[in-house]
Amino acid sequence: MGELIGHARCSTVAQDLTSQREILASLGVAEDRIYLDKDLTGTDRALAAVRSGGTLVTHGVRLSQGGSIYDPADPMSKMFFNMLAVFAEFEADLPRMRTREGMSIARSRSRLEGPAPELTTRQQAELVRMHSSGELMEVFAVGRATVYRVPDRVATAAAEGA
């Protein structure tokens, strides 16, 4: 069957891997062949354990889960591996989906308006008055984008208020 290599993983450094290590030991994995994955360190060490002339195989590796052996050559095990991949992809997509939903809701409620204006209403009015002057960026200590954006914002606000 070859050498047994164990890999125990948790998502945060604060979590405990004792139960996973005990399960791996009960399945016959030697303590010194169990690699712990906290912030990818276990994966790095597992790769480092591969000896000269050895091969690290990512496909075709049998998985022992709870005493059952899953071999990708077996059709039922292959389906199991594919389902694990589907769930992993689903988990990775959830935060992105929730972020997009939240932004959509905020946008529909007019709560996603962007950053607050850099200038007060009075400063914006003065900026509009001085718009043709080349001193605007220096006087107000703002960038060129603000110099061009504020007159449009003031005009839009005036049109909505009228």
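Note: the structure precedes this text.
Bear in mind the structure is a predicted one, so any value in this text is a computation, not a measurement. (Residues numbered from 1 in each chain as written. Predicted model: local features only at pLDDT ≥ 70, side-chain atom pairs only at ≥ 80, totals over all residues. Heavy atoms only, no water.)

### Remarks on the overall build of the protein
Turning to step 1, where the next piece is worked out: A tally of helices and strands in the protein yields 6 helices and 4 strands.
Turning to step 2, where the next piece is worked out: Each helix and strand of the protein, ordered N terminal to C terminal, gives the series β-α-β-α-β-β-α-α-α-α.
Turning to step 3, where the next piece is worked out: A sequence separation of at least 24 residues applies to 32% of the contacts in the protein between residues at least 6 apart.
Turning to step 4, where the next piece is worked out: Carbon and sulfur atoms make up 56% of the accessible area of the protein, which amounts to about 12,400 Å² in all. (Helix = DSSP H or I, 4+ residues; strand = E, 2+ residues; numbered from the N terminus. Contact = heavy atoms within 4.5 Å. Areas by Shrake-Rupley, 256 points an atom, 1.4 Å probe, with all protein chains shown as cover.)

### Here we look at the packing of helix 4 (residues 121–129) against helix 6 (residues 144–161)
Turning to step 1, where the next piece is worked out: One way to put it is that helix 4 packs onto helix 6 with a least axis distance of 9 Å and a crossing angle of 105 degrees. Comparing their axes, helix 6 and helix 4 come out roughly perpendicular. Taking contact as the criterion, the partners of Q124, L127 and V128 in helix 4 are, on helix 6, T146, V147, V150, P151, R153 and V154.
Turning to step 2, where the next piece is worked out: Per-class residue counts for the contact of helix 4 with helix 6 are 6 nonpolar, 2 polar and 1 charged. (Axes fitted to C-alpha atoms, helices over the stretch in contact; angles between N-to-C directions. Parallel < 35°, antiparallel > 145°, perpendicular 65-115°, else oblique. Nonpolar A, V, L, I, M, F, W, Y, C, P; charged D, E, K, R; others polar.)

### So, the packing of aromatic side chains
Turning to step 1, where the next piece is worked out: Following the criterion strictly, the structure yields 2 aromatic pairs and no others.
Turning to step 2, where the next piece is worked out: Plain terms: the ring middles of Y70 and F80 are 4.2 Å apart, the flat faces sit at 15 degrees to each other, and that makes the pair stacked. Here the residue Y70 occupies a position in strand 4 (residues 68–70), and F80 occupies one in helix 3 (residues 75–108), the gap between them amounting to 10 residues.
Turning to step 3, where the next piece is worked out: Clustering of aromatic rings is evident, with ring pairs tying together Y70, F80 and F81. (Phe/Tyr/Trp six-rings, centres within 6.5 Å; stacked < 30°, edge-to-face > 60°.)

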